[in-house]
Amino acid sequence: MAVSMRDLDPAFQGAGQKAGIEVWRIENFRPVSVPKTSHGKFFTGDSYIVLKTTALKNGALRHDIHYWLGKDTSQDEAGTAAVKTVELDAALGGRAVQYREVQGHETEKFLSYFKPCIIPQEGGVASGFKHVEAEEHKIRLFVCRGKHVVHVNEVPFARTSLNHDDIFILDTKSKIFQFNGSNSSIQERAKALEVVQYIKDTYHDGKCEVAAVEDGKLMADAESGEFWGFFGGFAPLPRKTASEEEKTYDSDSAKLFCVEKGQANPVEGESLKRATLETNKCYILDCGREVFVWMGRNTSLDERKSASGVAEEMIRSSDRPRSQIIRTIEGFETVPFRSKFDSWTQETNVAVSEDGRGRVAALLQRQGLNVRGLMKAAPPKEEPQPHIDCTGNLQVWHVNGQEKILLKGVDQTKFYSGDCYIFQYSYSGEEKEEVLIGTWFGKQSVEEERASAVSMASKMIESMKFTPVQACIYEGKEPIQFFVIMQSFIVFKGGLSSGYKTHVTEKEIPDDTYNENGLALFRIQGSGPENMQAIQVDPVASSLNSSYCYILHNGSTVFTWSGNLASSVDQELMERQLDLIKPNLQTRAQKEGSESEQFWELLGGKSEYGSQKITREPESDPHLFSCTFSKGILKVTEIYNFTQDDLMTEDIFILDCHSEIFVWVGQEVDTKTKLQALTIGVKFIEKDFLLEKLSREAPIFIVMEGSEPPFFTRSFASWDSSKSTMHGNSFQRKLTIVKHGGTPVADKPKRRTPVSYGGRTSVPDKSQQRSRSMSFSPDRVRVRGRSPAFNALAATFENPNARNLSTPPPVVRKLYPRSVTPDSAILAPKSSAISSRSALFEQSATPPREPIIPKSLKVSPKTPESPAPESNSKEKEKEKENSMNSIQEDAKEGEAEEDEGLPTYPYDRLKTTSTDPVSDIDVTRREAYLSSEEFKEKFGMTKEAFYKLPKWKQNKFKMAVQLF
């Protein structure tokens, strides 16, 4: 599209460069910018252009342009607004969606910009109208319609304006009445109260009474009698008659027209196909209520203006004042437009459109315009955050047919691809104990066991009165929250359940269940010690990838392989996972490009393999949908620019983040519908209402009102948890807020004690509930969430011949060097490394302590002779004592202790690799001994700010400056 300076109005210079709303009013056929203080104020005699700029997660800016036509605006002004909208789109690079808005029939998207409503005022710029602030208050009557956004129209102040179907607001000098028609819904009544609040704040300075009047209540009710007194007394209301404007239009039959030389020519064809649309032409798709104007990317600005004019004339000549015109550019079509076609395939290369946008920006820059907003911003480089406490209590059950078996602590994070699992995770929330109960389905698991797992998990949730969050997770699509909960996650091939074994037998396929003494290859992945995985893959060369590290073993022969694109973090994670998969065995390190012959022989010979990192499903900007589910049919309505107040306690909503789906269930939803929440989430993914190619295995979370986790509430601009503690339905809650001027402060609920299903309590006593908590299993206590610093120090005292399974080595520095000689058969002596660690304590007067970490259960094979009972008892006693010591140590580590009065030392003497280490210090808090200046220099923040961070983030900072 050719663009020149004369085509663009100077008023649009610099428009759309940052997120927000910009408004122009048409004055003397020119757009004039409206100040922010007047946004949302519209005059019935004027025409306006509204630009909504949204900053997307990928760094790009999305633009939606609306031109609003007041009911008394002139045809010339309306035409000017339509033309100037096309110009504004050109100035923004020719990719915005454009909407025609008519007073009283605005789209929900437009109204969402000016919540809770817009109430146009009489007059306009052409008539010289001036609003008189001191004007005497006049009684006005408004009708409100809408369940998610409110359409407000002023109607004559007369009894004949009232009906049983709608909600009316009577604004008097001293009191505002809301009249609820008997046929109106609770949700509509609640939304209308937001308009009452707006009128109260805008026209009464927040100082007037509010009353709710129910249709059908007679004079016996004082407020009802007062309301009817304004209408001369009570009398029955007439039935509502459909007006001409309320006629519905048939949207099923869509007619396609090609615009040529200012004329709309019908396009023949039995069905609509994407291939029909040519890039050098403009088309009109008439769907009755919606009229789409599609503009090819190779059309000129004049052709686009002409097509818009033809569409305007089309609805004007057919007397359809409520029809909406939506203009879209090739390559950026809206979902409603694409859904009208039999099968839509995006033929336009987005990269090409980006180039075109860049050419427009370059041209405008040469002509003196500021075009910063036209260029795509770089996406923010942030690691995905789990938004969940990773030090909670974990229980895991293996699903075997129709029963579940509680796993031991050491096996809780070791899953099989052919099996299903149920996990319960309880953790400290902001105000109460939170619980997450989920199911994990392996890729090779059978449908019967998946259904069994869901059924058993649902019964657990139902027994806890639906308070836990429910998760449905598939192998390979796990969300970050799951990995953080598991911390060290391993997926083995094959399965142990009866369902998997039966499936293998019936299908006559080989059982490839993992054998620790056989041949196996593991890919290591993750972003840190609190999020690392080992995934078993086929033991062939094609399974390798240059971006990862791998562990290959065949019996006692163990190789580690590092790709050329793998980072040092990947290599350290490989070391950690090696301690879980093959402890106490010599490894042979292999670097990509210099592998030994034996390594390739185990993999069946060399072959080509990939180098691209496996990327997670991208997280897109969240979309909120209201849902109705009846007789197996799911209907959804998108809610634009949503807030917490859009969640109604009587309804079910879906928050679509693309990479994961949340189903929010209100407290007032009946039990039968609550049990269908997971089915609703599955149906939503199948329908794919946004046509965004949702994965059928995307994680689904079921969230109950009042138990919203942080990884759900983060999608809202603000969140007030006290709103869910209020009693009553949506209307009753909001009426309380409007009448009393704010959300009542409810007593904070006490922490819940999660139910245990393994015959043992899943929550430690108060003495153990500190910054670190534990995972319980029938055989032992497993302390979760230790920092790598604590692990390193504890390992100094451990048996040098034993690997600790529950606390892998630190990320930054290994405690002892691994042999890298391929043919080495014996581990290198570790005494020198241990001595160097122990040297930190030799000068201390403190007597040596007992080991503070319980010995791993898998460090050595069982001896044939069983120990004496007395010895057994002593060992158990000792193990229990050691566990308590570790708990106390963890608790001490979690406290943000005051460091006033502590001596200070230079960084070179405090780091773990120091040649002249400081003695007589608490080595678990080395950072506390840095001077304030050096601390800020190394960590980039003050000590006070550092100790306010979560423990896992503190550990990351310490690793970065090598203080472990």
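Note: the structure precedes this text.
In short, a report on the structure. Note that the structure is predicted; figures quoted are calculated from it, not measured. (Residues numbered from 1 in each chain as written. Predicted model: local features only at pLDDT ≥ 70, side-chain atom pairs only at ≥ 80, totals over all residues. Heavy atoms only, no water.)

**Quick word on the overall build of the protein chain**
Scanning the protein chain from terminus to terminus reveals 23 helices and 34 strands. Burial analysis of the protein chain (964 residues in total) assigns 53% to the buried set. Across the protein chain, contacts joining residues at least 24 apart in sequence account for 68% of those joining residues at least 6 apart. For the protein chain, the computed accessible surface area is about 45,100 Å², with 50% contributed by carbon and sulfur atoms. (Helix = DSSP H or I, 4+ residues; strand = E, 2+ residues; numbered from the N terminus. Buried < 20%, exposed > 50% of the residue type's maximum accessible area, 1.4 Å probe, protein only. Contact = heavy atoms within 4.5 Å. Areas by Shrake-Rupley, 256 points an atom, 1.4 Å probe, with all protein chains shown as cover.)

**Describing the sheet that holds strand β15 (residues 324-329)**
On the basis of which strands lie adjacent, the open sheet formed by ten strands has the order β2-β1-β3-β4-β5-β15-β14-β13-β11-β12 and mixed pairing. The open sheet has two edge strands, β2 (30-33) and β12 (263-266), and neither has a second partner. Pairwise comparison of adjacent strand axes, ignoring direction, gives a mean angle of 25° for this sheet. Pairing of strand β11 (residues 255-260) with strand β13 (residues 282-286) involves five bridges; the strand directions are antiparallel. (Pairing = 2+ DSSP bridges. Axes fitted to C-alpha atoms, helices over the stretch in contact; angles between N-to-C directions.)

**Notes on the packing of helix α3 (residues 186-203) against helix α16 (residues 730-740)**
Look at α3 against α16: their axes get within 8 Å of each other, and the N-to-C directions meet at 15°. With respect to each other, α3 and α16 are oriented roughly parallel. As for the relative orientation of α3 and α16, their crossing is left-handed in sense. Contact residues: α3 offers Ile186, Arg189, Ala190, Leu193, Glu194, Val196, Gln197 and Lys200, while α16 offers Ser730, Phe731, Lys734, Leu735 and Val738. Class assignment of the residues belonging to the contact of α3 with α16 gives a composition of seven nonpolar, two polar and four charged. (Parallel < 35°, antiparallel > 145°, perpendicular 65-115°, else oblique. Left-handed = near helix turned anticlockwise from the far one by under 90°. Nonpolar A, V, L, I, M, F, W, Y, C, P; charged D, E, K, R; others polar.)

**Comments concerning the sheet that holds strand β32 (residues 700-704)**
Picture the strands of a sheet paired through backbone hydrogen bonds; they go either parallel or antiparallel. Ordered by their spatial adjacency, ten strands build an open sheet running β17-β16-β19-β20-β21-β32-β31-β30-β28-β29, and the pairing between neighbours is mixed. Where the open sheet ends on each side, the last strands, each with one partner, are β17 (403-406) and β29 (633-639). Within the sheet, the average angular offset between the axes of one strand and its neighbour, ignoring direction, is 25°. Across seven bridges, strand β28 (residues 623-630) lies against β29 in antiparallel orientation. Bridged to Leu624 within β29 is Ile639. Contacting β16 (393-400), β17, β19 (420-428), β20 (433-441) and β21 (469-474), helix α8 (residues 447-463) runs over the sheet at an angle of about 170° to β20. Together, β21, β28, β29, β30 (652-656), β31 (661-665) and β32 form the strand contacts of helix α14 (residues 677-687), whose direction differs from that of β32 by roughly 135°.

**A closer look at the nonpolar core**
Grouped together as the largest cluster of nonpolar side chains are 58 residues, with contacts concentrated most on Phe482 and Phe522. With six residues, the single largest contributor to this core is helix α9 (residues 480-486). Apart from residues lying up to four places away in sequence, Phe522 is in contact with Ile490, Val491, Phe492, Tyr514, Ala534, Ile535, Gln536, Cys549, Tyr550, Ile551, His553 and Ile581. Residues Val435, Met456, Phe466 and Leu690 belong to the second largest nonpolar core, which totals 39 residues. (Core = buried A, V, L, I, M, F, W, Y, C linked by side-chain atoms within 4.5 Å.)

**Describing the pairing of β12**
Both β11 and β12 contribute to a ladder of four bridges, which runs antiparallel. Among the inter-strand pairings, Phe257 is bridged to a residue of β12, identified as Pro266. Where β11 folds back onto β12 in an antiparallel hairpin, the turn is made up of two residues, including Lys261, whose phi is positive at roughly 55°.

**Topic: the packing of aromatic side chains**
In the structure shown here, the tally under the stated rule is 60 aromatic pairs. Here Phe415 and Phe489 contribute two aromatic rings whose centre-to-centre distance is 5.1 Å and whose plane-to-plane angle is 85°, an arrangement assigned as edge-to-face. Taken together, the positions of Phe415 in strand β18 (residues 414-416) and Phe489 in strand β22 (residues 488-492) put the pair 74 residues apart, joining distant regions of the chain. With relative accessibility at 0%, the residue Phe489 sits in the buried group. Taking the centre distance of 5.5 Å and the plane angle of 25° together, the rings of Tyr425 and Tyr427 count as stacked. Residue Tyr425 shares its accessibility class with Tyr427, and that shared class is buried. (Phe/Tyr/Trp six-rings, centres within 6.5 Å; stacked < 30°, edge-to-face > 60°.)

**A look at the side chain of Ser323**
Structurally, Ser323 is set in the loop between α5 (301-317) and β15. Polar contacts involving the side chain of Ser323 include one to the main-chain carbonyl oxygen of Gly288, which spans 2.9 Å. Not counting the four nearest positions on each side in its chain, Ser323 is found in contact with Arg100, Gly288, Arg289 and Ile315. (Polar contact = N/O pair within 3.5 Å; in protein donor to acceptor, adjacent residues only side chain to side chain.)

**What to know about unusual backbone geometry**
The step from Lys115 to Pro116 runs through a cis peptide bond, and the omega angle for that step is 5°. Relative to the elements of secondary structure, Pro116 occurs in the loop between α2 (108-112) and β6 (140-145). In this structure, Lys465 is a non-glycine residue whose phi angle is positive, near 60°. By the element assignment, Lys465 lies in the loop between α8 and β21. Lys465 gets classed as exposed once you look at its relative accessible area, which sits at 70%. One non-glycine residue, Leu691, lies in positive phi territory at about 50°.

**Considering the side chain of Asp166**
Within the fold, Asp166 resides in the loop between β7 (151-155) and β8 (167-171). In terms of polar contacts, Asp166 uses its side chain to reach the side chain of Arg145, at 3.2 Å.

**Concerning helix α11 (residues 568-581)**
The first and last C-alpha atoms of α11 sit 20 Å apart over 14 residues, in line with the 20 Å expected at 1.5 Å per residue. All buried positions along α11 are accounted for by Asp570, Glu572, Leu573, Met574, Glu575, Arg576, Gln577, Leu578, Asp579, Leu580 and Ile581. (Expected span 1.5 Å × (residues − 1).)

**Some thoughts on the pairing of β13**
The element β13 is extensively covered by neighbouring structure, given that five of its five residues are classed as buried. Residues Cys282, Ile284 and Asp286 line one face of β13 and the alternating positions Tyr283 and Leu285 line the opposite face, and both faces are buried. Bridge analysis of β13 against strand β14 (residues 290-295) gives five bridges, and the strand direction is antiparallel. Opposite Tyr283, over in β14, you have Trp294 as the bridge partner. Following β13, the chain reverses through three residues before pairing antiparallel with β14; Gly288 in that reversal takes a positive phi of roughly 85°.

**Side note on the pattern of salt bridges**
Using the criterion set out here, one finds 35 salt bridges in the structure. Arg30 serves as the salt-bridge partner of Asp9, at 2.8 Å between the closest nitrogen and oxygen. Of this pair, Asp9 sits in the segment before β1 (20-27) while Arg30 sits in strand β2, and the two are 21 residues apart along the sequence. For Arg30, a relative accessible area of 40% puts it in the partly exposed group. (Salt bridge = Lys/Arg side-chain N within 4 Å of Asp/Glu carboxyl O.)

**A look at α5**
Relative to the 24 Å expected for 17 residues at 1.5 Å per residue, α5 spans 25 Å between its end C-alpha atoms, a close match to the ideal helical length. Of the residues flanking the end of α5, it is Asp319, one or two places downstream, whose phi is positive at about 55°.

**As for the state of the cysteines**
Applying the stated criterion to the full structure yields zero disulfides. The thiol sulfur of Cys472 is not disulfide-bonded, and the nearest other cysteine sulfur, from Cys420, lies at 9.5 Å. (Disulfide = S-S within 2.5 Å.)

**Examining the packing of helix α1 (residues 75-91) against α5**
Interhelical geometry of α1 versus α5 gives an angle of 140° and a closest axis separation of 10 Å. The handedness of the crossing between α1 and α5 comes out as right-handed. Touching Gln75, Ala82, Val83, Val86, Glu87, Asp89 and Ala90 of α1 are Leu301, Arg304, Lys305, Ser308, Glu312 and Arg316, all from α5. The class makeup of the residues in the contact of α1 with α5 is five nonpolar, two polar and six charged.

**Quick look at the environment of Asn180**
Along the chain, Asn180 falls in strand β9 (residues 175-180). Residues Asn180 and Val213, 33 residues apart in the sequence, show an inter-C-alpha distance of 6.3 Å. Dropping the residues within four chain positions of it, Asn180 is found in contact with Asp166, Ile167, Arg189, Val213, Glu214, Asp215 and Phe731. Within the local environment of Asn180, its side chain forms a polar contact with the side chain of Glu214, the two groups lying 3.0 Å apart.

**A look at the environment of Ala81**
By secondary structure assignment, the location of Ala81 is in helix α1. In this structure Ala81 comes out as buried when scored by relative accessible area, which is 0%. Distance in space between the C-alpha atoms of Ala81 and Trp68 is 8.0 Å, their sequence separation being 13 residues. Excluding residues that lie within four positions of it along the chain, Ala81 makes contacts with Ile26, Ser47, Ile49, Tyr67 and Leu69.

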